[in-house]
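Read off the chains here:
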Amino acid sequence: MKNGVMMQYFEWNLPNDGNLWKQLKKDAVHLHQTGITAVWIPPAYKADEQQDEGYATYDLFDLGEFDQNSTVRTKYGTKDELIETIGELHKNKISVYLDTVMNHKAEGDYTEKFKVKEVDPKERNKDISDEIEIQAWTGYLFKGRGNKYSDFKWHWYHFSGVGFDDAQKKSGIFRILGENKYWSEGVDDENGNYDFLLCNDLDLDHPEVIKELNRWGIWVSNELNLDGMRLDAVKHMEDKFVKQFLETVRAERGNEFYSVAEYWNGDLATLEKYLAAVEKTTDLFDVPLHYNMYMASKFGKDYDLRRILDDTLVLHHPDYAVTFVDNHDSQLGSSLESEIEDWFKPSAYALILLMEKGYPCIFYGDYYGINGGKPLYQPIIDLLLNTRRKYAYGEQKDYFDHPSTVGFVRMGDKDHAGSGLAFLMSNNIDGNKVMNVGVNRKGEVWRDLTGNVQKKITIDDEGNGNFLVEGGTLSVWVKF
């Protein structure tokens, strides 16, 4: 993955027109030419309704092939279109990672009655009712698919909790009772135990559930010829299950089968604990870095840029860090809204795309626009991707030594002629920084690719350059 770049190829507000797979197929050549080496595609299986983004999962084995929930296609298209699209992406040397949702299933085909205890939403280990019987949509028949690909049928005992009692028309968190049934261990301890997220929560300690999900993981990876997965909501899932699931799929697909897990927590120690629990079988999104950049964008000149990499995965565990600026969960209007402000977003993308460490991920909404709006950041992202391909090689030397102006140099390498760069960003007034790019560069004239600084600089006899940056912007200096 030398200088690899992932793109999250969706955002919350895509139209329900069934065209995403066809659009992505047409886009494959462009993505390759701009330097994208992998795409993370949205959940590609049947949800509770066609317009759903795919996270309210109904049938994991229906990739837009069967007439179920009043539709054949998903929001994004049909199975045949998806397979064609993946073939085109592979022709263009782009890997494909499927968004994999195994924490829960949405509304079933029929209701079942079973015993539960209602729990306190803020302390899930605390019961707030006696044993009661409820009725919930936990029976799954998959009539449109029948037994094709799998004859497994889901029932109430395959779940650990539900969020709705259909008999009383009452929402809540209901822990299902039964032999060896309780919330999973190995989940985030927020709210006492964060096993339950929404809908019908899968019991990832149940042997039949484990076997079926493992079988599905192998099937979908082979069926779509996947290169990896993005694992959704792992803070709510048994960590032992996640580890063995990845090991099972890799036994079939090979050890290079990629995984990045979404553990949405800004605390480094929590993410380190998770990496240890799953024995580093997956990368993680660098949520702490996202929040650092978010705070930098909010506080502006009052934020100390020297701290922007503090307590991040990319600093402490770079081999397992997927760096990102924003995604569908952080964008405006989402449940985890923390969108980085416009003025700082170019600097944030420069940071993740030009630094030596981490596996950067670009957000569709930033590149193509939100809800059909103007793609505000495509020009700067294209420039940075081109810079990454041509210049972002070699050792990195940091100059995080001033509260409002920080930067680094990449020294270049012998395999990429003319490679090497100097990056600066400012959150306040115009700044400058003397940075060393190597004595072998003496006499070279360098320019700022962004055009924010028009002046050119000359590297001195000791390899130093006095690099400039305009206030509140970035500059990327390379040999002229």
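The notes below deal with the structure included here.

What counts, and where the lines are drawn
- In this convention, every chain numbers its residues from 1, walking through the sequence in written order.
- Local features are withheld for residues below a pLDDT of 70 in this predicted model, meaning they are given only at 70 or higher, and side-chain atom pairs are given and counted only at 80 or more; totals for whole chains, interfaces and linings count all residues.
- For side-chain calculations, the full set of non-hydrogen atoms in the structure is used, while hydrogens and water are omitted.
- Criterion for a salt bridge: a side-chain nitrogen of Lys or Arg within 4 Å of a carboxyl oxygen of Asp or Glu.
- Counting from the N terminus, the helices are the DSSP runs of H or I reaching at least four residues and the strands are the DSSP runs of E reaching at least two.
- A 1.4 Å probe rolled over the protein chains alone gives each residue an accessible area, and that area as a share of the maximum for its type sets the label: buried under 20%, exposed over 50%, partly exposed in between.
- Pairs of N or O atoms within 3.5 Å make up the polar contacts considered here, provided that, within protein, one atom can donate a hydrogen while the other can accept it, and that residues adjacent in sequence are counted only when both atoms are side-chain atoms.
- Any two residues having at least one pair of non-hydrogen atoms within 4.5 Å are treated as being in contact.
- Here an angle of 0 to 180 degrees is reported between the N-to-C directions of two axes, which are lines fitted to C-alpha atoms, with helices fitted over the stretch in contact.
- An angle below 35 degrees is read as roughly parallel, one above 145 as roughly antiparallel, one from 65 to 115 as roughly perpendicular, and any other as oblique.
- Crossing handedness: left-handed means the near helix sits turned counterclockwise from the far one by under a right angle, and right-handed means the same turn made clockwise.
- Residue polarity follows a fixed list, in which Ala, Val, Leu, Ile, Met, Phe, Trp, Tyr, Cys and Pro are nonpolar, Asp, Glu, Lys and Arg are charged, and the others, Gly among them, are polar.
- Two rings from Phe, Tyr or Trp (for Trp, the six-membered ring) form a pair when their centres are within 6.5 Å of each other. A pair whose planes differ by under 30 degrees is stacked, one over 60 is edge-to-face, and the rest are tilted.
- In our convention, an over-ring charge means Lys NZ or Arg CZ found within 6 Å of a ring centre and within 35 degrees of that ring's normal.
- When DSSP finds two or more bridges between a pair of strands, those strands are recorded as paired.
- Nine residue types can take part in a nonpolar core, namely buried Ala, Val, Leu, Ile, Met, Phe, Trp, Tyr and Cys, and a core is a set of them joined through side-chain atoms within 4.5 Å.
- The length a helix should cover is 1.5 Å for every residue beyond the first.

A few points about the pattern of salt bridges
Should their charged atoms come close, side chains of opposite charge can pair.
Working step 1: Counted according to the given criterion, the structure contains 30 salt bridges.
Working step 2: For the salt bridge of K22 with E81, the shortest nitrogen-to-oxygen distance reads 4.0 Å. One end of the pair, K22, is in helix α1 (residues 20–34); the other, E81, is in helix α2 (residues 79–91), with 59 residues separating them in the sequence.
Working step 3: Judged by its relative accessible area of 38%, K22 is partly exposed.
Working step 4: A salt bridge links E53 to K75, with the shortest nitrogen-to-oxygen separation between them at 3.4 Å. Taken together, the residues E53 in the loop between β3 (46–47) and β4 (57–59) and K75 in the loop between β4 and α2 connect sequence positions 22 residues apart.

Structural notes on the side chain of R230
Working step 1: If you trace the backbone, R230 turns up in strand β13 (residues 228–231).
Working step 2: Looking at R230, its side chain comes within polar contact range of the side chain of D99, at 3.0 Å.
Working step 3: Once residues within four sequence positions are removed from consideration, R230 is found in contact with W40, Y55, Y97, L98, D99, T100, V260, E262, F285, H328 and D329.

Comments concerning the packing of helix α8 (residues 345–354) against helix α10 (residues 378–391)
Working step 1: Direction vectors running N to C along α8 and α10 enclose 20°, while the axes themselves pass 10 Å from each other. As far as their axial angle goes, α10 and α8 are roughly parallel. Both α8 and α10 take part in a crossing whose hand is right-handed. Contact residues: P346, Y349, A350, I352, L353 and L354 in α8; I380, I381, L384, L385, T387 and R388 in α10.
Working step 2: Residues that form the contact of α8 with α10 fall into these classes: 10 nonpolar, 1 polar and 1 charged.

Remarks on the packing of α2 against helix α3 (residues 207–224)
Helix-helix packing is characterised by the crossing angle of the two axes and by the distance between the axes.
Working step 1: Contact geometry for α2 and α3: axes closest at 9 Å, N-to-C directions at 65°. When the axes of α2 and α3 are compared, the pair comes out roughly perpendicular. Counted together, K79, L82, I83 and I86 of α2 and W219, E223 and L224 of α3 form the full contact between these two elements.
Working step 2: Residue composition of the contact of α2 with α3, grouped by class: 5 nonpolar, no polar and 2 charged.

Regarding the packing of aromatic side chains
Working step 1: Counted by the stated rule, this structure contains 32 aromatic pairs.
Working step 2: Where W183 meets F196, the ring centres are 6.3 Å apart and the plane angle is 50°; that geometry is what we call tilted. Here W183 is found in the loop between β11 (170–176) and β12 (200–202), whereas its partner F196 is found in the loop between β11 and β12, with 13 residues between them in sequence. Per residue, the accessibility class of W183 equals that of F196, and both read buried.
Working step 3: Between F408 and F423, the ring centres sit 5.1 Å apart and the planes meet at 50°, which makes this aromatic pair tilted. On the criterion of sequence distance, the pair formed by F408 in strand β19 (residues 405–410) and F423 in strand β20 (residues 421–426) is long-range, its members being 15 residues apart.
Working step 4: Among the aromatic side chains, those forming a connected cluster through ring pairs are F10, W40, W264, F285, Y291 and F324.
Working step 5: We note K105 situated over the ring of Y140; from NZ or CZ to the ring centre the distance is 5.4 Å.

Focus: the sheet that holds β19
Sheets are built from strands paired through backbone hydrogen bonds, the pairs being either parallel or antiparallel.
Working step 1: The antiparallel open sheet is built from 6 strands, whose spatial order is β18-β19-β20-β25-β22-β23. For this open sheet the edge positions go to β18 (396–399) and β23 (457–458), each flanked by a neighbour on one side alone.
Working step 2: Running at roughly 150° to β20, α8 makes contact with β19, β20 and β25 (474–479) of the sheet.
Working step 3: Those strands touched by α10 are β20 and β25, and its axis lies near 35° from that of β25.

Considerations on the pairing of strand β22 (residues 445–448)
Working step 1: Residues W446 and D448 point to one face of β22 and are all buried, whereas V445 and R447, pointing to the other face, are not buried.
Working step 2: Examined bridge by bridge, β22 and β23 share 2 bridges and lie antiparallel to one another. Within β23, the residue paired with W446 across the bridge is I457.
Working step 3: When β22 meets β25, the two strands line up antiparallel, connected through 3 bridges. Bridging across to β25, R447 finds its partner in V478.

Remarks on the nonpolar core
Working step 1: Counting 124 residues, the largest nonpolar core has M293, I308, L351, I362 and F423 as the members making the most contacts within it.
Working step 2: The greatest single-element share of this core, amounting to 7 residues, is contributed by α8.
Working step 3: The residues contacting F423, other than those within four sequence positions of it, are S347, A350, L351, L354, V406, G407, F408, M435, L474, S475 and V476.
Working step 4: Of all hydrophobic cores here, the second largest spans 13 residues; its members include Y399, A422, V453 and F467.

Some points on helix α4 (residues 239–253)
Working step 1: Across its 15 residues, α4 extends 21 Å between first and last C-alpha, which sits within 8% of the 21 Å expected from 1.5 Å per residue.
Working step 2: Where α4 is concerned, the buried positions are D239, F241, V242, K243, F245, L246, V249 and R250.
Working step 3: Directly beyond the C-terminal end of α4, a positive phi value near 105° is found at G254.

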